[in-house]
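Here is how the chains run, residue by residue.
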2 protein chains.
Amino acid sequence: MPVTSADDPRLRDYRDLNHSDNRPDLPGGKGLVIAEGPLVVGRLLASRFPVRSIVGFGNRLDEFLADPEMTRMVAAADIPVYEVERRTLAETVGFDMHRGLLAAADRVPGMSVGAAIEGARTIAVLEGVGDHENIGSLFRNAAGLGVDAVLFGAGCADPLYRRVVRVSMGHVLRTPFAHLPGTPTTWQRGLADLRADGFTLLSLTPDPRAVHLADAVTRPDGAPVDRLALLVGAEGPGLSEHAMRATDVRARIPMAPGTDSLNLATAAAVAFYERQRSLR
Amino acid sequence: MPVTSADDPRLRDYRDLNHSDNRPDLPGGKGLVIAEGPLVVGRLLASRFPVRSIVGFGNRLDEFLADPEMTRMVAAADIPVYEVERRTLAETVGFDMHRGLLAAADRVPGMSVGAAIEGARTIAVLEGVGDHENIGSLFRNAAGLGVDAVLFGAGCADPLYRRVVRVSMGHVLRTPFAHLPGTPTTWQRGLADLRADGFTLLSLTPDPRAVHLADAVTRPDGAPVDRLALLVGAEGPGLSEHAMRATDVRARIPMAPGTDSLNLATAAAVAFYERQRSLR
């Protein structure tokens, strides 16, 4: 249905998108889950997050709903679809949204660690990753390279922030994730539970004394470890010593002399690849 | 020496930095090489590009020149150093440059392909990569993972653009690179010359019919290939069929079902890692 004014209350969820992460009126004070573009809007529709509405230019909505699966999901959940002109959308969101297709969904209660890792063979555990783009890239790489779940230790940014959703190409809406409880110095206790669940814990570090990544994902007899948790810290500080001490092995990606460590999502991708390689 | 006005001709090289890539007054019409921050400015000083000047806040210059190697290089090349206040620099460059340290250098004539690959064991060859951030990330990953040179086929963006220099962390100033001559349909002829020089040519592709990357970097007897050229195309279109047909092997990074291909710099990093792994 057409909406012609940026002041229309039906567009409220999309107002001032660059500052929409802070919503004191919503539970937890955090913003809604926002998806941009047909690929990510489709993934939001198929996710566990209840979609509140879809907004788009007429031609973009037509293209999107030409896919019968999308039309079916929109009808099944009775999701309102608002058609807007480019100018109205720009006025609403606060910038020119050239992709012309958006959806908003409610957050849902966080998954428990147990639910997130159920049946998982490979998981990633992050500590201190405050950069939204890095978290988004990590989820994209995790999904592509067969990682089953992501756990957050202390100090990480909100994985449902709009930019994370976009950079992850919507994979943060699909890959199970959960937060390990505790503070920056206590969350590591949860790692012992992972070990009790059969996970081998691997710290990724640029430390040249660490073992080569290729040797760290297999057992001494060369067989791959059964369940593997790959721990990754922020670019710069890396993992805390406290976290690394709670793991079974410290692994490095060998770096050429005189160079810096890799971007953390890139380093994680290399580790995810090595893990998949060991399982083939 | 202090410079107090943004109109001072000594700051001309830094004016309106967001639009400084187009300099019809300079040879080739392209902008200068701009380095931002102490790490990259240091790498520019040590590079083949002749530095014209350094500009910074007083405290940032003091910190930078506290390194005797930097002071030595500045003195040896008689490079003028201009001290500016934050407001003057912001007015000059057109935005708040909080890092407070910049340098500008002249471009130099491009390297020949022969000079760039001299002695190289592993090189990357790019086709159609128009995104500056991807080129910057690729150079950062190439340097860290032991790639000796980068060659450009048709359709790639300028590797000396300011954003590439920044994202590469200055590695584009250190790693040899050259352009293969020709048009989008003729540059591939240069690949035959690489093969004549002993390179095995590997195309990176998401095509599921391609061989696993791990099997593509070794010979049938399991030994690593002697010289390896890794070809990478743009995200989305990938390498042209024309280019892939000129290579020895098409290799894939296996992707989980229902996911997209990796970002090209990330995919390249995985391939660089696999190559280094085969050489250990």
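Residues numbered from 1 in each chain as written. Chains lettered and ligands numbered in written order. Predicted model: local features only at pLDDT ≥ 70, side-chain atom pairs only at ≥ 80, totals over all residues. Heavy atoms only, no water.

Considering the overall build of chain A
In step 1: Along the backbone of chain A there are eleven helices and eleven strands.
In step 2: Taken over the C-alpha trace, chain A has a radius of gyration of 21 Å; the compact-globule value for 280 residues is 19 Å, and the two agree within 12%.
In step 3: The C-alpha extent of chain A, read off along each of the three principal axes, is 65 × 35 × 35 Å.
In step 4: Taking the intrachain contacts of chain A between residues at least 6 apart in sequence as the baseline, contacts between residues at least 24 apart amount to 80%.
In step 5: A gap of 3 Å separates the mean positions of the 31 positive and 34 negative side-chain charges of chain A. (Helix = DSSP H or I, 4+ residues; strand = E, 2+ residues; numbered from the N terminus. Rg over C-alpha atoms; globule rule 2.2 N^0.38 Å. Contact = heavy atoms within 4.5 Å. Lys, Arg positive; Asp, Glu negative; His and termini not counted. Charge placed at Lys NZ, Arg CZ, Asp CG, Glu CD.)

As for the sheet that holds strand 1 (residues 33-36) of chain A
All names here are of chain A.
In step 1: Spatial strand order, 1-4-2-3: four strands in an open sheet with mixed pairing. The sheet is open, and its two borders are formed by strand 1 and strand 3 (81-83), each paired with just one other strand. This sheet shows a mean twist of 20 degrees between the axes of neighbouring strands, independent of strand direction.
In step 2: Across the sheet, helix 1 (residues 38-45) is in contact with strand 1, strand 2 (51-56) and strand 4 (101-105); its angle to strand 4 comes to roughly 25 degrees. (Pairing = 2+ DSSP bridges. Axes fitted to C-alpha atoms, helices over the stretch in contact; angles between N-to-C directions.)

So, the environment of V232 of chain B
All names here are of chain B.
In step 1: If you trace the backbone, V232 turns up in strand 10 (residues 227-233).
In step 2: On the accessibility criterion, V232 (4% relative accessible area) is buried.
In step 3: With 133 residues separating them along the chain, V232 and R99 place their C-alpha atoms 33 Å apart.
In step 4: Not counting the four nearest positions on each side in its chain, V232 is found in contact with V125, L126, E127, V129, L204, L239, L264 and A268. (Buried < 20%, exposed > 50% of the residue type's maximum accessible area, 1.4 Å probe, protein only.)

Notes on helix 11 (residues 264-279) of chain A
Side chains three or four residues apart in an α-helix point the same way, a direct result of the helix having 3.6 residues per turn.
All names here are of chain A.
In step 1: Between the first and last C-alpha of helix 11 there are 23 Å, a value that for 16 residues agrees with the 22 Å anticipated at 1.5 Å per step.
In step 2: With 14 of 16 residues buried, helix 11 is to be regarded as a mostly interior element.
In step 3: The opening residue of helix 11, the one whose side-chain oxygen lies 2.8 Å from the backbone nitrogen of A265, is N263. (Expected span 1.5 Å × (residues − 1). Polar contact = N/O pair within 3.5 Å; in protein donor to acceptor, adjacent residues only side chain to side chain.)

Digging into the domain arrangement of chain A
All names here are of chain A.
In step 1: The domain architecture assigned to chain A consists of domain 1 (9-105) and domain 2 (113-279).
In step 2: Domain 1 and domain 2 are separated by 31 Å when their C-alpha centres are compared.
In step 3: If you look at the interface, domain 1 gives 19 residues, while domain 2 gives twelve residues.
In step 4: Buried area between domain 1 and domain 2, both sides added, is near 1400 Å², and the carbon and sulfur share of it is 56%.
In step 5: Run the count over domain 1 and domain 2 and you get two salt bridges.
In step 6: Across the pair E36 and R162 runs a salt bridge, and its minimum N-O distance is 3.2 Å.
In step 7: Run the count over domain 1 and domain 2 and you get five residue pairs in polar contact (both at pLDDT 80 or more).
In step 8: Within the residue set of the side of domain 1 that touches domain 2, elements represented by two or more residues are strand 1 and helix 1.
In step 9: Residues of the side of domain 1 that touches domain 2, tallied by class, amount to eleven nonpolar, two polar and six charged. (Domains from an automatic or database assignment. Buried area = accessible area lost by both parts, 1.4 Å probe. Salt bridge = Lys/Arg side-chain N within 4 Å of Asp/Glu carboxyl O. Nonpolar A, V, L, I, M, F, W, Y, C, P; charged D, E, K, R; others polar.)

Points about the interface of chain A and chain B
In step 1: Listed per partner, the contact involves 34 residues of chain A and 34 residues of chain B.
In step 2: In total, chain A and chain B occlude about 2600 Å² of area from one another, counting both sides; carbon and sulfur atoms represent 48% of this.
In step 3: Our count for the chain A to chain B interface comes out at eight salt bridges.
In step 4: A salt bridge links E235 of chain A to R140 of chain B, with the nearest nitrogen and oxygen atoms 3.1 Å apart.
In step 5: Elements represented by at least two residues in the side of chain A that touches chain B include exactly helix 1, helix 6 (132-144), helix 9 (213-216) and helix 11 of chain A.
In step 6: Tallying contributions element by element places helix 11 of chain A first for the side of chain A that touches chain B, with six residues.

A few points about the pairing of strand 10 of chain B
All names here are of chain B.
In step 1: For strand 10, the tally of buried residues reaches seven of seven residues, placing the bulk of the element in the interior.
In step 2: Burial along strand 10 is two-sided: the face carrying R227, A229, L231 and G233 and the face carrying L228, L230 and V232 are both buried.
In step 3: The pairing of strand 5 (residues 122-127) with strand 10 spans six bridges and is classified as parallel. Bridge pairing in strand 10 places E127 opposite G233.
In step 4: Where strand 8 (residues 199-204) and strand 10 come together, five bridges link them in parallel fashion. For L202, the partnering residue across the bridge sits in strand 10 and is L230.

Quick notes on a negative patch on the surface
Residue and element names in this part refer to chain A.
In step 1: Residues D62, E63, E83 and E85 make up a contiguous surface patch of negative charge.
In step 2: Locating E63 in the fold gives a position in helix 2 (residues 58-65).
In step 3: Note on E63: relative accessible area 55%, which makes it exposed. (Patch = residues over 30% accessible without salt bridge, like charges linked within 9 Å, V, L, I, M, F, W, Y side chains within 5 Å. Areas by Shrake-Rupley, 256 points an atom, 1.4 Å probe, with all protein chains shown as cover.)

So, the UniProt feature "domain: tRNA/rRNA methyltransferase SpoU type" (unreviewed entry) in chain A
In step 1: Annotation from UniProt places "domain: tRNA/rRNA methyltransferase SpoU type" (unreviewed entry) at residues 123-273 of chain A.
In step 2: As annotated, residues 123-273 of chain A comprises 30% helix and 21% strand, and the C-alpha atoms at either end are separated by 13 Å. (UniProt positions renumbered as here; feature names shortened; annotations may be inferred.)

Here we look at the pattern of salt bridges
Residues and elements named next belong to chain A.
In step 1: Under the counting rule described, the total for this entry stands at 38 salt bridges over all chains.
In step 2: Across the pair D158 and R107 runs a salt bridge, and its minimum N-O distance is 2.7 Å. Of the two residues, D158 sits in the loop between strand 6 (149-152) and helix 7 (162-167) while R107 sits in the loop between strand 4 and helix 5 (113-117), which places them 51 residues apart along the sequence.
In step 3: Linking R219 and D221 is a salt bridge whose minimum nitrogen-to-oxygen distance equals 3.6 Å.
In step 4: Connected through shared salt-bridge partners, D13, R52 and D106 make up one network.

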